[in-house]
Amino acid sequence: MKLSKILALIFFLSFTFNKHISAQDMNDITRYKINYALARKGNNDMATFLSTRSFEINNQKYLLLINPHTFESRIDIASNYSLRSLEWNNVMAIFKNTPYVKSLEAAAAKDIQLQNAGIDHSIPNETGIALTIDLCPSHKPLDRIIFESVFDEFKKSEQPVPVAISVSGKWMLKHEDDLNWLKSLVKKKELNITWVNHTYNHEVNSLPLSENFLLAPGTHLDIEVLENEKLMLKNGLVPSVFFRFPGLVSDKTLVQKVEGYGYIPIGSDAWLAKGQQANAGSIILIHGNGNEEIGVKDFIQLLKSKQADVKNRQWLLFDLRQGLEKEFE
Ligand SMILES: [Zn+2]
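Procedures and definitions
- Residues numbered from 1 in each chain as written.
- Predicted model: local features only at pLDDT ≥ 70, side-chain atom pairs only at ≥ 80, totals over all residues.
- Helix = DSSP H or I, 4+ residues; strand = E, 2+ residues; numbered from the N terminus.
- Rg over C-alpha atoms; globule rule 2.2 N^0.38 Å.
- Pairing = 2+ DSSP bridges.
- Axes fitted to C-alpha atoms, helices over the stretch in contact; angles between N-to-C directions.
- Expected span 1.5 Å × (residues − 1).
- Buried ≥ 20, exposed ≤ 12 C-beta atoms within 10 Å, placed from the backbone.
- Arc of directions from axis to C-beta.
- Parallel < 35°, antiparallel > 145°, perpendicular 65-115°, else oblique.
- Contact = placed C-beta atoms within 7 Å.
- Nonpolar A, V, L, I, M, F, W, Y, C, P; charged D, E, K, R; others polar.
- Core = buried A, V, L, I, M, F, W, Y, C linked by C-beta atoms within 7 Å.
- Domains from an automatic or database assignment.

### Brief notes about the overall build of the chain
When its secondary structure is counted, the chain shows twelve helices and 13 strands. For 329 residues, the compact-globule estimate of 2.2 N^0.38 gives 20 Å, and the chain sits close to it at 19 Å. On the principal axes, the C-alpha backbone points of the chain span a range of 50 × 50 × 40 Å.

Right, here's the structure in full:
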């Protein structure tokens, strides 16, 4: 492993949320904006990150930082870094050899299709899957059984168990208890959750896909993307570098715009409720918001069928970040 990567890892190891920031403080976020900058920690040339957002809490400036090698993200105080402002095009150029920019390019290469643009497959030539669970707005409670089953199945072979959760603003607003329950599993080190931006409103209408979800006329992308991030932060969740399109629906322009926010769109090659099968390296999609009984049932069935392989570590759950790092390193 390269020295630069080792140093970068060390800085990201301890806290994704700076320990001095309380959840209470997060209610007072102001001046939240997109702010790309090369962020260097201390005098160390090797520890260089990408800052994607800046904001203030009680007159203190903070950054949302990402590690372009490992895809990890964290919040930290801006004064800990020396900063050089960048345009988005510079970001793509400066970090062009990192797994982050290579993933953005791979996702953009598949931007034409109306459904399932972006990265839809995770780990090449490996046995196991990456699990993504979408929390679209819903009146029903969280399907806790998904998380309990995953933990029960994998606790002997992997702990904490990595899952990616795509969270919408309207789901967070209605499901405080369920969200706290998920956070408690992280605290107990049962789960390692990568939080994926799934937009604030996640509107759906009865029009064809080309005018539905984020492609619906009148969509305000800034609100959908940035307000959801702010709500995630207020709830103590650090936004990852990943974005999931509502309904997996997008077009070329939308993919470009979302990447311009610094996001890698994540699709799925195994939306279980649609009858798609999970293969080695699949990014599985199930909905955990109470609205997709079949998907949840299929997933539990899949877990049962893999029980022996899980035990022998022949079938693993992959962290989306590590999977892509491996693929694009
Ligand atoms: Zn959704």
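### Section: the sheet that holds strand E2 (residues 48-57)
The strand order E4-E3-E2-E1-E5 describes an open sheet built from five strands, whose pairing is antiparallel. Looking along the sheet, the strands with just one partner apiece sit at the ends: strand E4 (73-77) and strand E5 (81-85). Strand after strand, the sheet turns through a mean of 40° between neighbouring axes, direction not considered. Here five bridges tie strand E3 (residues 60-66) to E4, and the two strands are oriented antiparallel to one another. Bridge pairing in E4 links Leu64 to Ile75.

### Side note on unusual backbone geometry
Put simply, Gln159 and Pro160 share a cis peptide bond, and its omega is -5°. Along the polypeptide, Pro160 turns up in the loop between helix H5 (144-154) and strand E7 (161-167). Phi is positive for Arg31, close to 50°, though the residue is something other than glycine. Within the secondary structure layout, Arg31 lies in strand E1 (residues 29-41). Phi at His202 is positive, roughly 50°, even though this residue is not glycine. Within the fold, His202 resides in the loop between strand E8 (191-197) and helix H8 (221-234).

### Overview of helix H7 (residues 176-187)
The end-to-end C-alpha distance of H7, which contains twelve residues, comes to 16 Å, matching closely the 16 Å that a straight helix rising 1.5 Å per residue would cover. All of the buried residues along H7 are Leu179, Leu182 and Leu185. Take H7 and look down its axis: the buried residues cluster within an arc of 115°, on one side only. Those residues of H7 that are exposed and angled more than 90 degrees off the buried face are Glu176, Asp177, Asn180, Ser184 and Lys187.

### Quick notes on the packing of helix H4 (residues 99-108) against helix H12 (residues 320-328)
Taken N-terminus to C-terminus, the directions of H4 and H12 make an angle of 90°; their axes are 9 Å apart at the nearest point. Judged on the interaxial angle alone, H12 and H4 are roughly perpendicular. Together, Pro99, Lys102 and Ser103 of H4 and Leu324, Glu325 and Phe328 of H12 make up the contact between the two elements. Here the contact of H4 with H12 is composed, by residue class, of three nonpolar, one polar and two charged.

### Comments concerning the nonpolar core
Buried together is how nonpolar side chains tend to be arranged in soluble globular proteins. By size, the foremost hydrophobic cluster in this structure holds 75 residues, and its most contacted members are Val163, Ile165, Phe242, Ile264 and Ile284. Counting contributing residues per domain, this core is built from domain 1 (3-95) and domain 2 (101-328), each supplying no fewer than three. The contact partners of Ile165, leaving out residues within four places of it in the chain, are Ile133, Leu135, Ile193, Trp195 and Val196. Phe213, Leu214, Phe245 and Leu248 belong to the second-largest nonpolar core, a separate cluster that totals six residues.

### Section: the domain arrangement of the chain
For the chain, the assigned domains read domain 1 (3-95) and domain 2 (101-328). Each of domain 1 and domain 2 was reduced to a C-alpha centroid, and the two centroids are 24 Å apart. Residue-level contacts link 23 residues of domain 1 with 17 residues of domain 2. Contributing elements (two or more residues each) for the side of domain 1 that touches domain 2: helix H2 (23-26), E1, E2, E3, E4 and helix H3 (88-94). Looking at side-chain class alone, the side of domain 1 that touches domain 2 contains 14 nonpolar, six polar and three charged residues.

### Overview of the pairing of E8
Both faces of the sheet carry side chains from a regular strand, because those side chains alternate between them. Judged by how many residues are buried, E8 sits mostly within the fold: six of seven residues are covered. Bridge analysis of E7 against E8 gives seven bridges, and the strand direction is parallel. Its bridge partner being in E8, Ala164 is matched across the sheet by Thr194. When E8 meets strand E9 (residues 239-243), the two strands line up parallel, connected through two bridges.

### Focus on the packing of H5 against helix H10 (residues 293-305)
Where H5 meets H10, the closest approach of the two axes is 11 Å, and the angle between their N-to-C directions is 5°. Classed by the angle they form, the pair H5 and H10 counts as roughly parallel. Touching Ile145, Ile146, Ser149 and Glu153 of H5 are Val296, Phe299, Ile300 and Leu303, all from H10. Partitioning the contact of H5 with H10 into residue classes produces six nonpolar, one polar and one charged.

### Focus on helix H9 (residues 252-260)
For H9, every residue scored as buried is listed here: Val255, Val258 and Glu259. On an axial view of H9, the arc spanned by its buried residues comes to 100°, and they lie on one face. Turned more than 90 degrees from where H9 packs its buried face, Thr253 and Gln256 sit exposed. Next to the buried residues of H9 lie H4, E9 and strand E10 (264-265). Positive backbone phi, approximately 95°, marks Gly262, located one or two places after H9.

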